[in-house]
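Chain residues, written in single-letter form:
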Amino acid sequence: MPKSLSRCIQAFSMLAAVALAPTALAEQATVGQPYVFTAVDDYAIRLDGNVDVTGVLQGEAAPRTVTFRVTHGFEENFQALGGRCDRMALLTMAKPGVYLFTMSVEVQTHFYRQFACKLTRLP
């Protein structure tokens, strides 16, 4: 086989592998729906009042990114509550498959959004 054809085949193989590699699907969290992650790969609190969680949802195989809109007008409160969720997400990151990390957003009175996070150890 000529050397240039061999290089083309190698380049095509690498390109196909990159194109077909699983990527995290992105979506906005549905209000009132809890998202249960069995593994967390990334957790970010953004300055615009959103929290992005990338990981594997219970019952799925591919990772996805879910954006939780959690701002409700009080930045100090948001930072404090977000910090509590950070620790739970970090535990799930450190030991995938040992914990379930659940996060949800609820609409409360006066159109403020309330968010909740929960950490559950698997039996």
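Preceding block: the structure.
In this report, the structure presented in the accompanying data block is examined. (Residues numbered from 1 in each chain as written. Predicted model: local features only at pLDDT ≥ 70, side-chain atom pairs only at ≥ 80, totals over all residues. Heavy atoms only, no water.)

Scanning the protein chain for helices and strands turns up 2 helices and 6 strands. Listed by position from the N terminus, the elements making up the protein chain come as α-β-β-β-β-α-β-β. The burial tally for the protein chain puts 29% of its 123 residues in the buried class. Of the contacts made within the protein chain by residues no fewer than 6 positions apart, 49% connect residues no fewer than 24 positions apart. (Helix = DSSP H or I, 4+ residues; strand = E, 2+ residues; numbered from the N terminus. Buried < 20%, exposed > 50% of the residue type's maximum accessible area, 1.4 Å probe, protein only. Contact = heavy atoms within 4.5 Å.)

This next bit is on the pattern of salt bridges. Under the counting rule described, the total for this entry stands at 3 salt bridges. When the shortest N-O distance is used, the salt bridge between Arg-64 and Glu-27 registers 2.3 Å. Taken together, the positions of Arg-64 in strand β4 (residues 63-69) and Glu-27 in strand β1 (residues 25-28) put the pair 37 residues apart, joining distant regions of the chain. The exposure class of Glu-27 is partly exposed, given its relative accessible area of 26%. A salt bridge links Glu-60 to Arg-64; the shortest N-O distance between them is 2.8 Å. By relative accessible area, which is 35% here, Glu-60 ends up partly exposed. (Salt bridge = Lys/Arg side-chain N within 4 Å of Asp/Glu carboxyl O.)

Buried residues dominate β4, accounting for 5 of its 7 residues. If you look at the hairpin formed by strand β3 (residues 50-57) and β4, you'll find 5 residues sitting between the two strands, and Gly-59 has a positive phi there, around 90°. (Pairing = 2+ DSSP bridges.)

In this structure the tally under the stated criterion is 1 disulfide. One disulfide in the model links Cys-85 with Cys-117; its S-S distance is 1.9 Å. On the S-S bond that ties Cys-85 to Cys-117, the torsion sits near -90°, and the link is left-handed. Of the two residues, Cys-85 is situated in helix α2 (residues 75-94) and Cys-117 in strand β6 (residues 113-121); the sequence distance between them amounts to 32 residues. A relative accessible area of 1% places Cys-85 in the buried class. (Disulfide = S-S within 2.5 Å.)

The subject of this paragraph is the nonpolar core. Counting 17 residues, the largest nonpolar core has Phe-37, Tyr-43, Val-53, Phe-68, Phe-101 and Met-103 as its most contacted members. Where this core is concerned, the elements lending two or more residues are β2 (35-45), β3, β4, α2 and β5 (99-107). If we ignore the near neighbours within four places in the chain, the residues touching Phe-37 are Val-53, Gly-55, Val-56, Leu-57, Arg-64, Val-66, Phe-68, Thr-92, Tyr-99, Leu-100 and Phe-101. (Core = buried A, V, L, I, M, F, W, Y, C linked by side-chain atoms within 4.5 Å.)

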